[in-house]
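The primary structure of each chain is shown beneath.
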Amino acid sequence: MRTTARPSRRSVLLGIAGAGAATMLGAAPSWAVSDDTVTVTAIPSAESERLRLAAALRGSEFTATGRYVPPATDLTFNVLPYDGLVPTLWIGLWDYYGSVKEPRGYRLKPGANTVNDPHGGPVYLTLEGNGERAGVKFTSGALPMPGLRLGHTSEAAYQAQLDTLTDVPYVELTSSHAILTLTREGALLHRDQNHQALLELLETVIASHSAISGLDGSAPAHRRKAGPYHFTEVSKVPAGVGAYATHGYNGFPRAYLDRLTTVDGLRTRGWGLYHELGHLHQQMAYKPEGLTEVTVNIYSLAAQRTLGQKSNLLTVDAATGRNYFQSAQAKFGATGLAYEKSFGAYEKLVPLRQLELAFGDDFWPRLHRLVREENPQSDWTETAKRYRALATYSSRIAGRDLTDFFVNRWAFPIDATGRAELAALHLPAPAVDPSTLTD
């Protein structure tokens, strides 16, 4: 069946921010069960996962196939609905600021299918469900894409692909929780890296975000997100933007690849990736617009701690001799103090770290779990409600009345309704003022 692209069900919301792949023995394709057949296992949709996680952005639901199809080329294949479900096939790249912004989706039918995509690109599959399986047996049109799969593809086999599959313009590295899509030119910039180690490190960063999010598997609501996170090299970003997050993926320009695709860069200078991945973990309930670029760094700090880095909050300003804890605390009590206007970007992060220092490393995991369990609803425009949620959820998790901390010390915009909600909790004051604490 020849099909045409259907409208993508991935709306884009800016959050400013192979067949030829060999196994460790250099034999069969790492992502195929046999020959040219890719098996995809059904998972919940990205949108249903977003709702379960009470998150602001959807993650990826793609299964990488290791195939590339050139533009305007007939791609022929057979669909094998082992358990009755038929997958969707996607072709193309994520590139919000590029001329072609997102992959195109194609509805399939059991048996023979033909797809012809005007732009071409990497080929992916999605299958919505709960563990059901389907196969896609490629017959013509697809080219093997250079790639490495963590635990399956040797470095030597991957390097051989880079040397032989020179007509394919993209390269893809995959692991249990990550798809890393690069242009061939971008991949060659740092081809001397240990790519197994790179993917292991990326898995560690993703795990740090899951841990601070309380995704411990203690209940169905608290299992890790189904499907991978997608990191992709994009053609362009706006001036002043180093990388970005949006529904489905994180976008990185070539200038960032020295941190995205090198082991030392990702381990020691990867704040940009930690930050953008954090956007895909942020919860809606306590994220008013003014905190979009603040609560995201709860996850960035968690990654730094996991990797043994010094906290960015301890960076000392050469002009003042103060770190961000000290410069923020020096402003307390000033006339007209207002959280959103009086503090710099890193200073705004300080109170969120102080809550961990005061009430334990499990503060944010417990708060994430409670928000998922209660799943409070609010509209994007309800700024006051979301600030109230931050203060009330924090107080409930701490078991302490944090009115003084939020309202008087940090001058968060907690309105009269919010102060009444805090008072109605009838909690004792903290034994130690959290605003005095530092790393």
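Remember, it's a predicted structure, so these values are computed and weren't measured experimentally.

Peer 1: Could you clarify how one ought to interpret the overall build of the chain in this entry?
Peer 2: The number of helices and strands found in the chain is 15 helices and 17 strands. In terms of overall dimensions, the chain is globule-like: its C-alpha atoms have a radius of gyration of 23 Å, near the 22 Å expected for 439 residues. For the chain, the spread of C-alpha atoms along the three principal axes comes to 70 × 45 × 35 Å. Buried residues in the chain amount to 55% of all 439 residues. Taking the average location of the 43 positive side-chain charges in the chain and that of its 43 negative ones, the two points are 2 Å from each other.

Peer 1: Explanation requested: the side chain of H279 in the structure shown.
Peer 2: Take H279: it is sitting in helix α7 (residues 271-279). Among the residues examined, H279 registers a relative accessible area of 2% and is labelled buried. Among the polar contacts listed, one links the side chain of H279 to the side chain of Q282, at a separation of 2.7 Å. Side chain to side chain, H279 and E293 meet in a polar contact 3.4 Å long.

Peer 1: Would you mind going over empty space enclosed by the protein with me for this structure?
Peer 2: A water-sized probe rolled over the atoms picks out the places where empty space is left. Here the largest cavity is characterised by a volume of approximately 60 Å³. In terms of lining residues, the largest cavity is bounded by L53, A55, S213, L215, Y229, L280, H281, Q283, H368 and R372. Looking at the lining of the largest cavity, its residues break down into five nonpolar, four polar and one charged.

Peer 1: What is the right way to read the sheet that holds strand β13 (residues 170-175) from this model?
Peer 2: Within a sheet, neighbouring strands are paired by backbone hydrogen bonds and run either parallel or antiparallel to one another. Taken together, the six strands give an open sheet; going across it, the order is β12-β13-β14-β15-β17-β16, and neighbouring strands pair in mixed fashion. Of all strands in the sheet, those bounded by a partner on one side alone are β12 (147-149) and β16 (244-246). Neighbour-to-neighbour, the strand axes of the sheet open up by a mean angle of 15 degrees, direction not taken into account. In the sheet, strand β15 (residues 229-233) pairs with strand β17 (residues 249-252) via three bridges, with the strands oriented parallel. Residue pairing across strands places T232 opposite G251, the latter belonging to β17. Across the sheet, helix α4 (residues 195-212) is in contact with β12, β13, β14 (178-183) and β15; its angle to β13 comes to roughly 55 degrees.

Peer 1: Would you mind going over the pattern of salt bridges with me for this structure?
Peer 2: Between side chains of opposite charge, a pair can form as their charged atoms come close. In total, this model carries 21 salt bridges according to the counting rule given. Of the charged contacts in the structure, one is a salt bridge between K331 and E347, with a shortest N-O distance of 2.7 Å. Of this pair, K331 sits in the loop between α9 (324-329) and α10 (339-342) while E347 sits in helix α11 (residues 345-359), placing them 16 residues apart in sequence. Take E347: its relative accessible area is 6%, and that puts it in the buried class. For the salt bridge of D404 with R409, the shortest nitrogen-to-oxygen distance reads 3.8 Å. In this structure, a network of salt bridges that share partners links the residues R305, R353, E356 and D439.

Peer 1: Where do I start with the sheet that holds strand β11 (residues 143-144) in this structure?
Peer 2: Spatial strand order, β7-β6-β9-β4-β11: five strands in an open sheet with antiparallel pairing. Sheet topology places β7 (104-107) and β11 at the edges, where each strand pairs with a single neighbour. Looking at chain direction, strand β4 (residues 63-69) and strand β9 (residues 121-126) are connected through four bridges and run antiparallel. The residue bridging T63 from the neighbouring strand is L125, located in β9.

Peer 1: Is there a simple way to explain the confidence of the model for the chain in this structure?
Peer 2: Atom-level detail of predicted coordinates should not be read off regions where pLDDT is low. Per-residue pLDDT for the chain has a mean of 92; in total, 92% of the residues score no lower than 70. Note that residues 1-34 has pLDDT below 50 and, in this model, 123 contacts with residues that lie over four places away or in other chains.

Peer 1: Please clarify how the nonpolar core should be interpreted in this entry.
Peer 2: One broad rule of soluble globular proteins: the nonpolar side chains tend to lie buried together. F231, L273, Y286, W364, F406 and W410 are the most contacted members of the largest nonpolar core, which totals 76 residues. Setting aside chain neighbours within four positions, we find W410 in contact with A328, F332, Y339, F343, E347, V350, P351, Q354, F405 and S435. One finds F77, V79, V123 and V136 within the second-largest nonpolar core, a separate group that totals 18 residues.

Peer 1: Please explain the packing of aromatic side chains as it appears in this structure.
Peer 2: The description of an aromatic ring pair uses the distance of the two centres, along with the angle that the planes make with each other. Going through the model one piece at a time under the given rule, you end up with 24 aromatic pairs. Consider the rings of F332 and W410, whose centres lie 4.9 Å apart with planes at 80 degrees: the pair is edge-to-face. Of the two residues, F332 sits in the loop between α9 and α10 while W410 sits in the loop between α14 (403-409) and α15 (416-424), which places them 78 residues apart along the sequence. The exposure class assigned to F332 is buried, which follows from its relative accessible area of 19%. Members of the aromatic cluster, each reached through a chain of ring pairs, are F62, W90, W94, Y96, Y97, Y124, Y244 and Y249. Over the face of the ring belonging to Y229 we find K225, whose NZ or CZ atom lies 4.9 Å from the ring centre.

Peer 1: Explain the packing of α7 against helix α8 (residues 297-306) to me, please; I cannot follow it from the model alone.
Peer 2: Relative placement of two packed helices is described by the angle separating their axes and the distance separating the axes. Across the interface, α7 lies against α8 with an axial gap of 7 Å and an inter-helix angle of 135 degrees. In terms of orientation, α7 lies oblique with respect to α8. Classified by chirality, the crossing of α8 by α7 is right-handed. Residues W271, Y274, H275 and G278 of α7 pack against N297, Y299, S300, L301, A303 and Q304 of α8.

Peer 1: Sorry if this is basic, but what is going on with the packing of α4 against α7 here?
Peer 2: Interaxial distance between α4 and α7 falls to 10 Å at its minimum, and their mutual angle equals 45 degrees. Viewed along their axes, α4 and α7 adopt a mutual orientation that is oblique. Remark: the crossing between α4 and α7 carries right-handed chirality. Where α4 abuts α7, its residues L202, V205, I206 and H209 lie against L273, Y274, L277 and G278.

The rules behind each value
Residues numbered from 1 in each chain as written. Predicted model: local features only at pLDDT ≥ 70, side-chain atom pairs only at ≥ 80, totals over all residues. Heavy atoms only, no water. Helix = DSSP H or I, 4+ residues; strand = E, 2+ residues; numbered from the N terminus. Rg over C-alpha atoms; globule rule 2.2 N^0.38 Å. Buried < 20%, exposed > 50% of the residue type's maximum accessible area, 1.4 Å probe, protein only. Lys, Arg positive; Asp, Glu negative; His and termini not counted. Charge placed at Lys NZ, Arg CZ, Asp CG, Glu CD. Polar contact = N/O pair within 3.5 Å; in protein donor to acceptor, adjacent residues only side chain to side chain. 1 Å grid on protein atoms, 1.4 Å probe; cavity = no way out; pocket = protein on both sides within 12 Å on 5 of 7 lines; lining within 4 Å. Points joined across faces, edges and corners; volume = space filled by probe spheres on them. Nonpolar A, V, L, I, M, F, W, Y, C, P; charged D, E, K, R; others polar. Pairing = 2+ DSSP bridges. Axes fitted to C-alpha atoms, helices over the stretch in contact; angles between N-to-C directions. Contact = heavy atoms within 4.5 Å. Salt bridge = Lys/Arg side-chain N within 4 Å of Asp/Glu carboxyl O. pLDDT = per-residue confidence, 0-100. Core = buried A, V, L, I, M, F, W, Y, C linked by side-chain atoms within 4.5 Å. Phe/Tyr/Trp six-rings, centres within 6.5 Å; stacked < 30°, edge-to-face > 60°. Lys NZ or Arg CZ within 6 Å of the ring centre and 35° of its normal. Parallel < 35°, antiparallel > 145°, perpendicular 65-115°, else oblique. Left-handed = near helix turned anticlockwise from the far one by under 90°.

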